[in-house]
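Residues per chain, in single letters:
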Amino acid sequence: MRSLQSEIEQRGTRILRWVDQHPDSLFSKAGFYQRLMALSMRDEQFKLQLFRFVDVLPSLHRSGEIVEHLEEYFADVRDGFAPFVHAGIRLARIAPWVSGRVLRWNVSGMAHQFIAGKNPDDVVKTLRKRRAQRIGFTVDLLGEAVVSETEADEYAGRCLDLLETLARETQGWTDPLGRNSELFPVVNVSLKISALYSQINPADPADAIAHLAPKLLPILRQARERGTFINFDMESYAHKNVTLELFKRIFTDRDFKDWPHVGIVIQAYLRDSEIDLRDLIEWGRARGTRFAVRLVKGAYWDHETIEASQNAWNCPVYSQKPESDANFEALTRLLLENESIVTAAFGSHNVRSIAHAQAFADELGVDRSRFEFQLLYGMGGPIKRALVEMGYRVREYCPVGELLPGMSYFVRRLLENTSNEGFLRAKFAENLSEDELLRDPRELLRTSRNGVLPRSNNLTINAMKEPHPSHNRSLDTPPGDTYENAPLTNFAQPENQEKMRKALSEMRTRLGKEYPLVINGEKIFTGKTIASINPSSPEDVVGAVAEAGIEEAERAVKAARDAFEKWRWTPFEQRAQLLERAAAIMDRRRFELSALEVFEVGKPWVEADGDIREAIDFCLFYAQQMRLIRRPRLTQHVPGEESYYHYWPRGVAFVIAPWNFPLAILCGMTTAALVTGNTVIMKPAEQSAVCGAMLMEILEEAGVPPGVLNYLPGKGSVMGAHLVDRKDVDLIAFTGSREVGLRIWQSAGITRPGQRELKRVVCEMGGKNAVIIDADADVDEAIVDCTYSAFGYQGQKCSALSRLILLEENHDRVMERLLKAAASVRVGNPEEPGITVGPVIDEAAYNRILDYIQIGKSEATLAYQREDVPAKGFFIPPTIFSDVKPNMRIAREEIFGPVVSVLKVRDLDEAIAVANGTDYALTAGFFSRSPANIERAKAQIEAGNVYINRSCTGAVVGRHPFGGFKMSGGGTKAGGADYLLQFLVPRVVTENITRHGFAPEQTPEYRDEFLWAK
Ligand SMILES: Cc1cc2nc3c(=O)[nH]c(=O)nc-3n(C[C@H](O)[C@H](O)[C@H](O)COP(=O)(O)OP(=O)(O)OC[C@H]3O[C@@H](n4cnc5c(N)ncnc54)[C@H](O)[C@@H]3O)c2cc1C
């Protein structure tokens, strides 16, 4: 008996020979597309520009715009094919309408190579052709990016139409093989669940299922009635568990339990995939009815890799291509071994993967009519034909829809076809030998373990494999690269959802406790308390914190002053390690702290977790930054003299923090002061004093000495104002409102009798942040990001979007979708996972925001206001005003709530002028796909943090050093390389080292003697 490998080779060779005898290009159409693909494979930069151009093209309406974009994307091309491209651009300039049309025609021709029809009627023509070739079909309706429930409902309606049309048009069609046809209905439809509910949140599968099930039921009923097969496609990892759970839940339901014509996708590139498949098989056996699995490698590899890297998550996908291939084969075996309950479909264009499935099925004696191969429309034509010739069942995946909603599908196909790692490119573009194409992936992995696997050409993966730059730091190393961020919690993982639920219920039992202030290590109850309440349920007291008055403030200043002399000379390393221990404690208590934030400040889960992550990052980043700047460093090599630059701490720091990032901002300012050798009086906001008490507890556990850190909650207007004026306070680190910030700035400028230092004020204030949506922007993305930036955490981030600036040209189009999106975001008690908009912080904020809404109603047009917000708690309905003019109060004043003003402008000039025409300069956003406009926005928008094509909130320590100018702040960026310098006094010591004309030849780079304690 021949070995499995030789069986695979024999079958693989047969397919490849057949393919060679029926030559077809990599892509089924020649000409323009093929030439572009060939160029793309030669030059990564060209490929990038081309795909970006293709992405924007369908949203350009005028020929002039198309030509402008063409020029912007390709004018800098400097390669062998530059003359070709430049000639095209010149031609386009001469006759823009002709060129615009020709380009659009060509690109839509390219896309239609992968899109089988514009609508259900249109696709039937293709299906008929395939029928003649004995190829079956599954139809997929394009349109995965739904941003509102209206759009999701429209998609569901289109699915019903599709089912109807297909059933009608295919009457009398029979199974191409005529054997085991009961397993394979002729009509087969693939669904993407993300298109049926716009608010799927990985943290809340139950909510997603509750919304998806009722939308799916009519579709499934109709499909069953018409004898149609329904397949659930699999999308990104974030949606995986919801999709699996939904599938199992629905098809265990009484109505569908005995329906065999349902299937789901398993992605072999996922490390979890074997567990998921085994679980499905077990579920299927318990259900007692056949079902199907389409096994694929997976279409979102780049997305998963980038997302995991950005969030510091364990990457859910394999990093080496042969690992995915080997896993595909392992799962193929598992599927075929369980053929008695599961019908397998192998979705691959890789001849090795296909041949392996064939050979293994034969080995097990599974008849070739009991499983099928599925390939995508427009790809691998000769492979499909070879499989049909060999007597296998072949089904083609046929996407249907317009170009715009189909763009993300089209770009995925372009990436796949030009991927350095892909089989199609290897076979058709690079003509690898049969031996190489049919090699056992496990063999490749074995060689890789010996270190010989050819280096991946994939840019993302290579960047990840490089040693971390901190190991090899030079002046060119980006400062943030010296630091690896703490991970966010991935709430797509059920164990993390469970931990959070448990933490919330435990925290509930601890509510109402009393917390002391801490001065010089002593825990003090003053007899007066500040009650911190739950904004979702104001009668619930989260905790009562002892309130400090003037007397306690005086004691705290003395304690901090006394502790300073010792602390300032404590070795930097010890101080840095203190921060690292604090970070470790926060990490240990992560879910508990997040739960506290949910109760105390109404943060949704993800936001609370983001705040704890930021606090951890501040500790670790500042510890590391301190190590970088800690040693006295030679200023210049000059014979006979040496000068060393170094830093001293300033003295006593008074830290005044807001409630909206109750741990992160308080922790950031406090740890920056501590690690630089200052002693600290830490005043949390009254609304988040329990979070402050937790931070004190954490830093004490980490070992902060008595007096070095003093915890002093109290009234800002009394105790806070007293300390701001106090001569013994050397530095004030403040984050909060403009009103209070300016008062502090002014007051700190007055020198009091006996004051030894000019007070340094690190002052971060508010914003009136604008986002501009350009005419060619990706509206799907812009709407999602703007809705989140405006309404995420109830608009109570200083970075939140408050002014949305729309060009006349796209105003109505964007508004229509924005209002629907606002109507769809989840508003509710943030104890529930997946909430976007919770309550605002307290009654005062509630009333103030409602006042602004009244002002808005009198100044502008109320375009949308949500009605279904909870009655209990401080819930403000998400609100959008249109016809807002720049001089109106709602366009000028910070509202700090879920209220957005939309301003309509003529063009980009006016948009930038309006964006900049405010007192503030904190964050801003710009959505565009015009390289020239993006450059302009980067250069001209006045804001401390300018975000292009992404949300304007969510700064990450080290990556997006955060802070503004104008009336937004008078400090340097938090989480940036120079933040710590504000807490330090620079000092230079110069020594003449010449004696009678003689001087040492070498001067050391660093000298540590200035750091010695007195
Ligand atoms: C009919 C059909 C339906 C499909 N449905 C879905 C679906 O619902 N959901 C979905 O996600 N995908 C789906 N796909 C799969 C996807 O779209 C790709 O077509 C498929 O992954 C390509 O694999 P291949 O075996 O044809 O090619 P190959 O060239 O052998 O494999 C390419 C694949 O390998 C993986 N890969 C690439 N680089 C690496 C690396 N460095 N490390 C690890 N793995 C790597 C990626 O998954 C990549 O797509 C479907 C495919 C078909 C044919």
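So, how was this worked out
Residues numbered from 1 in each chain as written. Predicted model: local features only at pLDDT ≥ 70, side-chain atom pairs only at ≥ 80, totals over all residues. Heavy atoms only, no water. Helix = DSSP H or I, 4+ residues; strand = E, 2+ residues; numbered from the N terminus. Rg over C-alpha atoms; globule rule 2.2 N^0.38 Å. Buried < 20%, exposed > 50% of the residue type's maximum accessible area, 1.4 Å probe, protein only. Contact = heavy atoms within 4.5 Å. Areas by Shrake-Rupley, 256 points an atom, 1.4 Å probe, with all protein chains shown as cover. Lys, Arg positive; Asp, Glu negative; His and termini not counted. Charge placed at Lys NZ, Arg CZ, Asp CG, Glu CD. pLDDT = per-residue confidence, 0-100. Phe/Tyr/Trp six-rings, centres within 6.5 Å; stacked < 30°, edge-to-face > 60°. Lys NZ or Arg CZ within 6 Å of the ring centre and 35° of its normal. Polar contact = N/O pair within 3.5 Å; in protein donor to acceptor, adjacent residues only side chain to side chain. Near = heavy atom within 4 Å. Nonpolar A, V, L, I, M, F, W, Y, C, P; charged D, E, K, R; others polar. Pairing = 2+ DSSP bridges. Axes fitted to C-alpha atoms, helices over the stretch in contact; angles between N-to-C directions. Salt bridge = Lys/Arg side-chain N within 4 Å of Asp/Glu carboxyl O. 1 Å grid on protein atoms, 1.4 Å probe; cavity = no way out; pocket = protein on both sides within 12 Å on 5 of 7 lines; lining within 4 Å. Points joined across faces, edges and corners; volume = space filled by probe spheres on them.

In this section: the overall build of the protein chain. Regarding its fold elements, the protein chain presents 35 helices and 30 strands. Compactness check: the protein chain gives a C-alpha radius of gyration of 32 Å against a globular reference of 31 Å for 1014 residues, within 12% of the reference. Principal-axis analysis of the C-alpha atoms places the extent of the protein chain at approximately 100 × 80 × 65 Å. Buried residues in the protein chain amount to 60% of all 1014 residues. Intrachain contacts of the protein chain at a sequence separation of at least 6 include 77% that bridge at least 24 residues. Surface accessibility of the protein chain: about 40,000 Å² in total, with carbon and sulfur atoms responsible for 51%. Considering the protein chain, the positive charge centre built from 124 side chains and the negative charge centre built from 136 side chains are found 2 Å apart.

Of all residues in the protein chain, 95% attain a pLDDT of 70 or more, and the chain-wide mean is 92. Here residues 454-471 is modelled with pLDDT under 50, and outside its nearest four sequence neighbours on either side it reaches 29 contacts, counting other chains as well.

This part takes up the packing of aromatic side chains. Counted by the stated rule, this structure contains 30 aromatic pairs. Look at phenylalanine 114 and phenylalanine 410: their rings are 5.8 Å apart centre to centre, the planes differ by 40°, and that puts the pair in the tilted class. Remark: phenylalanine 410 occurs in helix 16 (residues 407-418) and phenylalanine 114 occurs in the loop between helix 6 (96-112) and helix 7 (120-132); sequence separation between them is 296 residues. The same class applies to phenylalanine 114 and to phenylalanine 410, which are both buried. Taking the centre distance of 5.4 Å and the plane angle of 20° together, the rings of phenylalanine 618 and tyrosine 622 count as stacked. With phenylalanine 618 and tyrosine 622 both in helix 25 (residues 605-629) and 4 residues apart, the pair spans about one turn of that helix. Take phenylalanine 618 and tyrosine 622: they sit in the same class, and that class is buried. A network of ring pairs unites the aromatic residues Phe232, Phe247, Phe251, Phe256, Trp259, Trp283 and Phe291 as a single cluster. Above the ring of phenylalanine 328, the side-chain terminus of lysine 297 is found at 5.1 Å from the ring centroid.

What follows concerns the environment of asparagine 769. You can see asparagine 769 is positioned in strand 21 (residues 769-773). Judged by its relative accessible area of 2%, asparagine 769 is buried. C-alpha separation for the pair asparagine 769 and alanine 748, spaced 21 residues apart in sequence, amounts to 28 Å. With residues up to four places along the chain from it excluded, the contact list for asparagine 769 reads Cys798, Ser799, Ala800, Leu801, Ser802, Arg803, Leu922 and Thr923. Within the structure, asparagine 769 has its side chain in polar contact with the backbone nitrogen of threonine 923 (distance 3.0 Å).

Next up on the list: the site of the ligand. Taken together, the neighbourhood of the ligand is formed by 32 residues, with Gly298, Ser324, Ser348, Glu416 and Phe423 sitting nearest. Contact distances for the ligand include 2.7 Å between a nitrogen atom and a backbone N or O atom of methionine 234. A distance of 3.5 Å is found between a nitrogen atom of the ligand and a side-chain nitrogen or oxygen belonging to glutamate 421. Relative to its unbound accessible area of 930 Å², the ligand is 95% covered by the protein chains. Looking at the shell around the ligand, the elements with two or more residues in it are strand 4 (262-267), strand 5 (291-296), helix 13 (321-337), strand 7 (372-376) and helix 16. Its residues assigned to classes, the shell around the ligand shows 13 nonpolar, 11 polar and 8 charged.

Moving on, we come to the sheet that holds strand 6 (residues 342-347). Around the barrel, which closes on itself, the 8 strands sit in the order 1-2-3-4-5-6-7-8 with parallel pairing between neighbours. Taking each pair of neighbouring strands and ignoring which way they run, the sheet shows an average axis angle of 30°. Two elements, strand 3 (residues 229-232) and strand 4, share 3 bridges in a ladder whose sense is parallel. Pairing of asparagine 231 across the sheet is with glycine 263, part of strand 4.

The antiparallel open sheet is built from 3 strands, whose spatial order is 14-15-30. Every interior strand has two partners, whereas the edge strands, strand 14 (633-634) and strand 30 (984-992), have only one. Two strands pair when backbone bridges link them, and strand 15 (residues 641-649) and strand 30 are joined in this way by 9 bridges, in the antiparallel orientation. Residue glutamate 642 lies in a different strand from strand 30, and its bridge partner there is glutamate 991.

Let us look at the pattern of salt bridges. Overall, the coordinates contain 85 salt bridges when judged by the stated rule. Between aspartate 140 and lysine 192 there is a salt bridge; the shortest N-O distance is 3.4 Å. Residue aspartate 140 is found in strand 1 (residues 136-141), and its partner lysine 192 is found in the loop between strand 2 (188-191) and helix 9 (205-225); the two are separated by 52 residues along the sequence. Pair check on accessibility: aspartate 140 and lysine 192 agree, each one buried.

The next subject is the layout of surface pockets. Here the second largest pocket defines a volume of roughly 1,400 Å³. As for the second largest pocket, its lining consists of 45 residues, of which Gly736, Ser737, Arg738, Glu739 and Val740 are closest to the centre. Of all the secondary structure elements, the ones that give two or more residues to the lining of the second largest pocket are helix 28 (716-725), strand 19 (731-735), helix 29 (738-748) and helix 32 (843-859). For the lining of the second largest pocket, the element with the highest residue contribution is helix 29, accounting for 7 residues. Broken down by class, the residue content of the lining of the second largest pocket amounts to 18 nonpolar, 13 polar and 14 charged.

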